[in-house]
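Residue-level structural notes
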There are 2 protein chains.
Amino acid sequence: SCLSGSLSIPDPRLREALIQLEDGMQAGGKIKLTDAEKRLDDQLFKMKQEEMGRPDFLPAMHFFKARDLIRASPIFSVLQKMPKGGALHLHDFSIVDVEWLVKNVTYRPNCYMCFTDKQSVRFIFSSQWPKPRPQCSPWVLLENLRAKTGNTTELDNSIMNNLTLFTDEDPEAVYPSQDVVWDRFEQTFQAVWGLVTYVPVFRDYFYRGLGLFYADNVMYLEVRVLLPELYELDGSTHDKTFTLKVYQDVTEQFTAKYPDFFGVRFISSVPRAVNVSVMTEAVEEAMKLQKDFPHIMAGFDMVGREDKGRPLWYFREALSLPQERGINLPFFFHAGETDLEGTDVDQNLLDSLLFNTSRIGHGFALLRHPVAKDLSRKSKVAVEVCPISNQVLKLVKDLRNHPAAVLLSENHPMVISSDDPAVFGAFGLSFDFYEAFVGFGGFKSRLGSLKQLAINSIRYSSLSPVQQEKALVLWNTKWNKFVSENAL
Amino acid sequence: SCLSGSLSIPDPRLREALIQLEDGMQAGGKIKLTDAEKRLDDQLFKMKQEEMGRPDFLPAMHFFKARDLIRASPIFSVLQKMPKGGALHLHDFSIVDVEWLVKNVTYRPNCYMCFTDKQSVRFIFSSQWPKPRPQCSPWVLLENLRAKTGNTTELDNSIMNNLTLFTDEDPEAVYPSQDVVWDRFEQTFQAVWGLVTYVPVFRDYFYRGLGLFYADNVMYLEVRVLLPELYELDGSTHDKTFTLKVYQDVTEQFTAKYPDFFGVRFISSVPRAVNVSVMTEAVEEAMKLQKDFPHIMAGFDMVGREDKGRPLWYFREALSLPQERGINLPFFFHAGETDLEGTDVDQNLLDSLLFNTSRIGHGFALLRHPVAKDLSRKSKVAVEVCPISNQVLKLVKDLRNHPAAVLLSENHPMVISSDDPAVFGAFGLSFDFYEAFVGFGGFKSRLGSLKQLAINSIRYSSLSPVQQEKALVLWNTKWNKFVSENAL
Ligand SMILES: [Zn+2]
Ligand SMILES: [Zn+2]
């Protein structure tokens, strides 16, 4: 009966054609692989079969529990070596491991700490004893505290716990709700603030951040930056231009040493909790920065929890200023990082597109908005997908259910990024690539998808077309080297 | 500035038009509401605002924890009163509360129980002491056991725990994985088996099942049935035709008493764990039943855990028999009840469509298959969405992330059903409607969506076009009564 077949069975050729059609629709589905790529693809597929056969499916687990298992996985080690292109959704003060902040930065001279009412900590570097801080204990000089404390390891660990959400305890118990996890999330940023806005630390922090991404085979970054006024040991402060210049200096210093690192561009960003007049000023300032530093400034965004902030439409007049004045200020709005369907905030997706956003940060709710989804696809407005961030901040538990699994299956414009890797206990991009490759894609996602995602990260960057071509040439060299070194 | 507006702000009329366009695309988005419906819609919207304002968002919680809170919600009470049309995805032995099984059925004379090695129980009714059952303790007559036991409440509760997955303990702890929960799920069916396949109980069970749906304002059912050989007290058994005739009798008895109950149709189903020759026989038998009982037989399906069973394509020759012989045997395949993307089982979605399935059971993975999704939409093959089932069986945790939220936003052909309500501690359809209305839809889903879902349940039923019109007339009368009684 195998030989004869049956006319009434759906034609196996039609079936195969439909399967192929669907495979071809996914990200990278139409990329023709070279022979070496095919061999690597087969290896990856075998690794994936082993990975998916294990009883604890890692993308279904909370990242805090899965992290060390992911790191031990052979797929992860290939993904680390893979040239991933650019990381387009990152925030300024969560790109460096908190261990370095504690073990290096807090050990520097003149570092003071106090304990807040909300069980967090604050820091300041100061040549004199700093003035008391409201809602905080009296300052202690860390040098003194460590001299007095027998167990500095314990002290250091407790400091570290304040700078990250990562925990060895049960994350579901520690962070039972979105409110709790967001509250702690915001506390960590306030805790690192006094450390990283001190000029010498700021330089070192950023340099180290670039190093971490470079080591993870990421060649280009776009970073949302608050551009704080940096301070010196005597308490004097600098303006935003100074901050941006430090970014520029450090980037140049880094690329001088590592010429195959392509560079960094910055998206100036402002908390969405501000009022209209502050927002208007922020837009004005962003326009000025964009004019003065067009080669490194990419545009403008708002940051902070969408669900608790004002919707984009509330700020529509401020956001219209650039167009009104004929000034180019690209937007890179966070939008749709919510599961509150049908609220004002949920309208941010559509509004970000109406304001011609260049990309959409997260876009978690995009699938539930067919009109916005269609606009984003047709206008090639890429979604910046940050799987670990969405899981830790409790939008989704099992990453197979992440909406980007659907976007990936349709080759929707998208890139993978890591948002705030240090706060999530991650680094670089490889952990998020792991979640996407194994979690979203299942067996369907193969080397072609990975290649597409890397190419997307350059194509959907804010780089000019000429710069994109240059970046692609550089990436391509890296890619071919990676393939030839890893294909058996 | 409100007066003047600004030319560069995206035109608010365009914005409004796009919002309207998107709203209109959702299920029921184009239904024009009457004035009374509008008033009821406003009431529901206000209830939803209160519901969504509470800190514990119920569709994000496990149903076992949320059930009693849902039952206390004003929205639930409206949904209970609402005429929901038909329940199209149900299984024969999980439509009646297990409390009734224990408190009524196991108290009947001649009821024996034994304890299995796997910590479950088995039952039999018998006029003589039954023969020992392998892998089970010696039989005890429940009447004797209860006479000896001081605390029958405790005994009854422990029996009940074996007949349902529902538990007051932490469900995440009791059912840590899909494997564990599916194993217990299958055990519950084996546990009820000996109770419900005894002829007198079988009649009462089904009659009571109809009553529960009727009381929940469901007017029509399509039930997947295994059609077991029923037994008598003396151990003699009947054939499948007898079973079907009992179903028919009881249905007639019920509709005679409640003429506004529209009826029941049956989908004969076979475990997908069987081999090819058993499957072939099952298809042959289904064709015969379909021919002999065309008015009550709707078609054929396979049941059991998709991830562990054979894919549809494995049975392609058996499934081709009806077409080969020119016999009409509609299929109602479970497909895509999986999160294992890219596996053979994951191909069931496409294959079910190639075999011209009339509906898709669950279709949880449909969004990740754009070709299958498109086929299903264009061929009007409705997806039978069972939210609570998918949550309890651990496909998704927060029901806002259920793929049907997307299907609903696009008015994809779909119906809401409850799969195995008794095993999940639910009854009827109202709990699943609650999860869909509040969980999938957020603020976007309103009375129009509910109306559409009810209408869908008739339009996508197996009823003939003439019968559908009749059913719609009946439903419409009920709907208008519901609206006029509940709109303030
Ligand atoms: Zn972000
Ligand atoms: Zn089912």
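The structure this text deals with has already been given above.
Described below are features of the structure shown in this document. Quantities reported herein were computed from a predicted structural model and do not represent experimental measurements.

Conventions used here
- Residues numbered from 1 in each chain as written.
- Chains lettered and ligands numbered in written order.
- Predicted model: local features only at pLDDT ≥ 70, side-chain atom pairs only at ≥ 80, totals over all residues.
- Heavy atoms only, no water.
- Donors = N, O, S within 2.8 Å, 3.2 Å for Na, K, Ca; no water.
- Tetrahedral: all angles 85-135°; square planar, octahedral: opposite > 155°, others 65-115°.
- Buried < 20%, exposed > 50% of the residue type's maximum accessible area, 1.4 Å probe, protein only.
- Pairing = 2+ DSSP bridges.
- Helix = DSSP H or I, 4+ residues; strand = E, 2+ residues; numbered from the N terminus.
- Axes fitted to C-alpha atoms, helices over the stretch in contact; angles between N-to-C directions.
- Disulfide = S-S within 2.5 Å.
- Parallel < 35°, antiparallel > 145°, perpendicular 65-115°, else oblique.
- Contact = heavy atoms within 4.5 Å.
- Nonpolar A, V, L, I, M, F, W, Y, C, P; charged D, E, K, R; others polar.
- Polar contact = N/O pair within 3.5 Å; in protein donor to acceptor, adjacent residues only side chain to side chain.

A closer look at the coordination of the zinc ion (ligand 2)
Residue and element names in this part refer to chain B. For the zinc ion (ligand 2), the protein coordination sphere consists of His-89 (NE2), His-91 (NE2), His-334 (NE2) and Asp-419 (OD), at 2.1 to 2.4 Å. With four donor atoms in place around the zinc ion (ligand 2) and angles of 84 to 173° between them, the coordination shape is irregular. Given a relative accessible area of 4%, His-334 falls into the buried group.

So, the sheet that holds strand S1 (residues 86–91) of chain A
All names here are of chain A. Here four strands make up an open sheet; going across it, the order is S1-S5-S6-S7 and the pairing parallel. At either end of the open sheet lies a strand with only one pairing partner, and these are S1 and strand S7 (297–303). Going across the sheet, the axis of each strand differs from the next one's by a mean of 25°, ignoring polarity. Sheet analysis places strand S6 (residues 263–271) next to S7, joined by six bridges and oriented parallel. Across the sheet, the residue bridging to Ser-269 is Asp-301, located in S7.

Comments concerning the state of the cysteines
Residues and elements named next belong to chain A. By the definition in use, this model includes two disulfides over all chains. Across a sulfur-sulfur distance of 2.1 Å, Cys-114 and Cys-136 are joined as a disulfide pair. Residues Cys-114 and Cys-136 are joined by a disulfide whose S-S torsion is about 90°; by sign, that bridge is right-handed. Separated by 22 residues along the polypeptide, Cys-114 in strand S2 (residues 111–115) and Cys-136 in the loop between strand S3 (121–125) and strand S4 (140–141) bring together distant segments of the chain. Using a relative accessible area of 0% as the deciding quantity, one classes Cys-114 as buried.

Notes on the packing of helix H2 (residues 35–53) of chain A against helix H19 (residues 447–459) of chain A
Residue and element names in this part refer to chain A. Taken N-terminus to C-terminus, the directions of H2 and H19 make an angle of 110°; their axes are 9 Å apart at the nearest point. The angle between H2 and H19 falls in the class roughly perpendicular. Across the interface between the two elements, Glu-37, Leu-40, Asp-41 and Leu-44 of H2 pack against Leu-447, Leu-450 and Lys-451 of H19. Partitioning the contact of H2 with H19 into residue classes produces four nonpolar, no polar and three charged.

Some remarks on the side chain of Ser320(A)
Note that Ser320(A) resides in helix H13 (residues 316–324). Here Arg316(A) takes part through its backbone oxygen, which lies 2.6 Å from a polar atom of the side chain of Ser320(A).

Nothing here speaks to function; it is geometry throughout.
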